[in-house]
Amino acid sequence: MGRKSTKENKNIYQISREAQNLTRDAASEKLQYISADRIEKIENEKTLPHPEEILAMSDAYKNPSLCNYFCSHECPIGQEYVPEVIPKELSQITLEMIATLNSIDKNKNRLIEITVDGKIHDDELPDFIEIKNELDRMALTIDSLRLWIDNAIAEGELNREDFKQS
C-alpha cells in the first residue's frame, strides 16, 4: 500500500482520488491507460490532463464535477464559454429553478416587444441585458441539476439507464 499524502494545497484530482481511498497505483489500474507517474504529474500540476483522462478519472473517482472543473478552469475554450458549476442540494436547485422560471415568465412579454422587429434599440438594451442575464442564471441552474443527477448516478442513488434519451 502506498504512503498517505501529507501535501497541503492538493488539487481537485488528488482530492478526488484520495476520497475513493485509491493510491496512485490503484488508480492507475482502474484507469487502465493512465500510469501512476502520469497521475502524479497531473496531481502535482507538472502537466495538464487530457480531456479523455478527465472523463476516465471522473468515472473512476465517482466525481462528475471533475469534467466541469477541467472545462471551466483548464481548457482555454471552456474558460471562455463554460461557467463553473458548484454542486448544490436538490432543494436549492429546485428553488433556484422556480425563481428563475417566475422571473422569465414576467419578462417573456418584454422580450417579445424587444425582439419583434429583429433589432435591439438603445432604450431596450438594459432590459434585454437583464433578460439575457436571467437566462444565463437559468442555464447555470439547469447545469447544476445535471451535475446533481450525474453525482447521484455515480453514487449509485439513481440508475443511468433511467436517464437515457429515447
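Residues numbered from 1 in each chain as written. Predicted model: local features only at pLDDT ≥ 70, side-chain atom pairs only at ≥ 80, totals over all residues. Heavy atoms only, no water.

### Structural notes on the overall build of the protein
Looking only at helices and strands, the protein has eight helices and zero strands in total. Going residue by residue from the N terminus, the α and β elements of the protein occur as α-α-α-α-α-α-α-α. In terms of overall dimensions, the protein is more spread out than a globule: its C-alpha atoms have a radius of gyration of 21 Å, far above the 15 Å expected for 166 residues. Structurally, the protein occupies a C-alpha span of about 65 × 35 × 30 Å along its principal axes. (Helix = DSSP H or I, 4+ residues; strand = E, 2+ residues; numbered from the N terminus. Rg over C-alpha atoms; globule rule 2.2 N^0.38 Å.)

### A few points about the side chain of Glu53
Relative to the elements of secondary structure, Glu53 occurs in helix 4 (residues 51-60). Those residues in contact with Glu53, other than ones at most four positions away along the chain, are Tyr33, Ile34, Arg38 and Ile42. (Contact = heavy atoms within 4.5 Å.)

### Section: the side chain of Asn68
Topologically, Asn68 is positioned in helix 5 (residues 65-73). At 3.1 Å, the side chain of Asn68 forms a polar contact with the backbone oxygen of Pro83. Separated by 2.7 Å, the side chain of Asn68 and the backbone nitrogen of Val85 make a polar contact. When residues no more than four places from it in sequence are discounted, the contact partners of Asn68 are Val82, Pro83, Glu84 and Val85. (Polar contact = N/O pair within 3.5 Å; in protein donor to acceptor, adjacent residues only side chain to side chain.)

### Overview of the pattern of salt bridges
If you walk through the whole model with that rule in mind, you get 14 salt bridges. Here Arg17 ties to Glu43 by a salt bridge, and the two come within 2.6 Å at their closest N and O atoms. In this pair, Arg17 is assigned in helix 1 (residues 12-19) and Glu43 in helix 3 (residues 36-43), connecting sequence segments 26 residues apart. With relative accessibility at 5%, the residue Arg17 sits in the buried group. Residue Glu43 is classed as buried on the basis of its relative accessible area, which comes to 2%. Taking the shortest distance from any N to any O, the salt bridge between Asp143 and Arg146 comes out at 3.5 Å. (Salt bridge = Lys/Arg side-chain N within 4 Å of Asp/Glu carboxyl O. Buried < 20%, exposed > 50% of the residue type's maximum accessible area, 1.4 Å probe, protein only.)

### So, the state of the cysteines
Per the stated rule, a full pass over the model turns up zero disulfides. No disulfide involves Cys71; its sulfur sits 5.7 Å from the nearest other cysteine sulfur, which is in Cys75. According to the relative accessible area criterion, Cys71 is partly exposed, its value standing at 29%. (Disulfide = S-S within 2.5 Å.)

### As for the nonpolar core
Within the largest apolar cluster, 14 residues are counted, with the highest numbers of intra-cluster contacts made by Tyr13, Leu31, Met57 and Tyr61. Taken together, the elements giving at least two residues each to this core come down to helix 2 (24-31), helix 3, helix 4 and helix 5. Broken down by element, this core gets its largest block of residues, four residues, from helix 4. When near neighbours in sequence (up to four residues on either side) are disregarded, Tyr13 contacts Ile42, Glu43, Pro49, Ile54, Met57, Tyr61, Leu66, Tyr69, Phe70 and Glu74. (Core = buried A, V, L, I, M, F, W, Y, C linked by side-chain atoms within 4.5 Å.)

### Quick notes on a negative patch on the surface
A grouping of Asp25, Glu29, Asp37 and Glu40 is seen on the molecular surface, where their side chains present a negatively charged patch. When residues of the negative patch are traced back to their parent elements, those giving at least two are helix 2 and helix 3. The residue Glu40 is located in helix 3 in this model. (Patch = residues over 30% accessible without salt bridge, like charges linked within 9 Å, V, L, I, M, F, W, Y side chains within 5 Å. Areas by Shrake-Rupley, 256 points an atom, 1.4 Å probe, with all protein chains shown as cover. Lys, Arg positive; Asp, Glu negative; His and termini not counted. Charge placed at Lys NZ, Arg CZ, Asp CG, Glu CD.)

### Notes on the packing of helix 4 against helix 5
Helix 5 packs onto helix 4 with a crossing angle of 155° between their chain directions and a minimal axis gap of 8 Å. The orientation of helix 4 with respect to helix 5, classified from their angle, is roughly antiparallel. Contacts between helix 4 and helix 5 involve Pro51, Ile54, Leu55, Met57 and Ser58 on the former and, on the latter, Leu66, Cys67 and Phe70. A breakdown of the residues in the contact of helix 4 with helix 5 according to their chemical character gives seven nonpolar, one polar and no charged. (Axes fitted to C-alpha atoms, helices over the stretch in contact; angles between N-to-C directions. Parallel < 35°, antiparallel > 145°, perpendicular 65-115°, else oblique. Nonpolar A, V, L, I, M, F, W, Y, C, P; charged D, E, K, R; others polar.)

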